[in-house]
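# Notes for the structure review
Chain by chain, the residues:
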Amino acid sequence: MFEINDNYLKLPGSYLFSTIGKKVNAFTQANPDKPIIRLGIGDVTLPLCPKVIEALHSAVDEMADASTFKGYAPDLGYEFLRSAIANQDYRARGVEIEIDEIFISDGAKSDSGNIGDIFSVNNKIAVCDPVYPVYVDTNAMSGRTGEYMAKEERWSNVIYMPCLEENNFAPKLPSETPDMIYLCFPNNPTGSTISKEELQKWVDFANEKGAVIIYDAAYEAYISQENVPHSIYECQGAKTCAIELRSFSKNAGFTGTRLGFTVIPKELKSGDVALNSLWARRHGTKFNGAPYIIQKAGEAVYTEEGQAQVKEQVAYYMNNAKVIREGLADAGFRVSGGVDAPYIWLKTPDNMTSWEFFDYLLERANVVGTPGSGFGPSGEGYFRLTAFGTYENTLAAIERIKNIK
Ligand code: MLT
């Protein structure tokens, strides 16, 4: 008789954004006349920029011609894209990353979930609290998180690093020693960031303790402040302790197109085993490669025109962030984030729990957000709104929220 991976049975409820989707569907079915504004999941609303569309069309034409048709993509991704990344995301910022340290994928969500394949289940993970739920859920699926303690809403074998108002929603170095540390800056969900000096402390800590940092830099395009690093490799010694995850979803609107990459420097080792070679082995065996057409679209992002066009999109969303931040502050909410990140984190009013506020906002303003407690116990009493809506919807949502307050 076959057995299942019963770690899955330990997972509480469904994936956060699936739970929200079900609740919103039930609401719209019961109230078909109420127009919903969705500022919940961080999904983009602007279409792909013209340079990307042009590249997609031209790549489709190549696929239609026997002389330019492409079959399987190279294991690590096409060199044209990895070179553009090495040059523009890294060399331009003074960081040398070799192209065989870059692995093209279908996005940072997949990579942040799959990266656990190359680590022992005996490793102890440390996560920010609140945190993007994929890190904890996928470690739970692998059996790395112990038992779920429903009352405490925590896993028994996870180091939670609270990110609270008093520490500007950034974690402190843990007193317990973790093996794997998940960091995401600019942060999802709180929209917080840390300076290069602060990040350097994490790198030094990881090197000293023999831990690995899994650094999610999916939101780096939203950084506006000078002293906030775009990559962990801007810190000294990061290549011996950090993996970096990047995405085309938030900076170039590829949420439905799918493209991302992971950087694993060759210096990153456990004993004398390079993690780069383990991930290359895993990538070759378990991943079919991002499609040629999509990688050409990714390459277009790095052209001069592409860069100008995606920067405009980022500026558009950041203007939404300003509308949300300032509008809610005017209405008396305690807000943070939204300066270097497309997420605005707010304290729920009148001691409402995060889910109470979710229902309240849905029913009274027909606005969808994300309950802070869905990201972890320290998110209780908080709520996340995204800046990825259209400008018109963002304005309308804030007006509606102001009017119910
Ligand atoms: C979010 O809303 O937290 C993100 O959009 C989820 C994701 O990128 O997978």
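Data block above holds the structure.
What comes next concerns the included structure. Fair warning: this is a prediction, and the values are worked out from it, not measured in the lab.

Cut-offs used in this document
- Residues numbered from 1 in each chain as written.
- Predicted model: local features only at pLDDT ≥ 70, side-chain atom pairs only at ≥ 80, totals over all residues.
- Heavy atoms only, no water.
- Near = heavy atom within 4 Å.
- Polar contact = N/O pair within 3.5 Å; in protein donor to acceptor, adjacent residues only side chain to side chain.
- Areas by Shrake-Rupley, 256 points an atom, 1.4 Å probe, with all protein chains shown as cover.
- Nonpolar A, V, L, I, M, F, W, Y, C, P; charged D, E, K, R; others polar.
- Helix = DSSP H or I, 4+ residues; strand = E, 2+ residues; numbered from the N terminus.
- Buried < 20%, exposed > 50% of the residue type's maximum accessible area, 1.4 Å probe, protein only.
- Pairing = 2+ DSSP bridges.
- Phe/Tyr/Trp six-rings, centres within 6.5 Å; stacked < 30°, edge-to-face > 60°.
- Lys NZ or Arg CZ within 6 Å of the ring centre and 35° of its normal.

Neighbouring residues of the ligand: Phe17, Ile41, Gly42, Lys109, Tyr132, Asn188, Tyr219, Lys250, Tyr343 and Arg384. The contact in question runs from an oxygen atom of the ligand to an N or O atom on the side chain of Tyr132, over 2.5 Å. Contacts to the ligand include Lys250, whose side-chain N or O atom sits 2.7 Å from an oxygen atom. For the ligand, the protein covers 87% of the area, taking 270 Å² as the surface of the free molecule. Here the residues of the shell around the ligand sort into 5 nonpolar, 2 polar and 3 charged.

Now for the environment of Glu152. With respect to the helices and strands, the residue Glu152 is situated in the loop between strand E4 (148-149) and strand E5 (154-155). On a C-alpha basis, the gap between Glu152 and Phe383 in space is 19 Å, while along the polypeptide they are 231 residues apart.

Judged by how many residues are buried, strand E17 (residues 382-386) sits mostly within the fold: 5 of 5 residues are covered. Judged from the 5 bridges that link them, strand E14 (residues 343-347) and E17 form a sheet pairing that is antiparallel. Its bridge partner being in E17, Leu346 is matched across the sheet by Phe383. As paired elements, strand E16 (residues 370-371) and E17 share 2 bridges and run antiparallel to each other. Note on E17: the bridge partner recorded for Pro371 is Phe383.

All right, on to the packing of aromatic side chains then. Here the structure, examined in full by the defined rule, presents 25 aromatic pairs. Consider the rings of Phe357 and Phe383, whose centres lie 4.9 Å apart with planes at 90°: the pair is edge-to-face. Linking Phe357 in helix H11 (residues 354-365) with Phe383 in strand E17, this pair joins segments that are 26 residues apart in sequence. Seen from the ring of Tyr292, Lys70 lies directly overhead, with NZ or CZ sitting 4.6 Å from the centre. Lying across the ring of Phe80, Lys296 places its NZ or CZ 4.4 Å from the centre.

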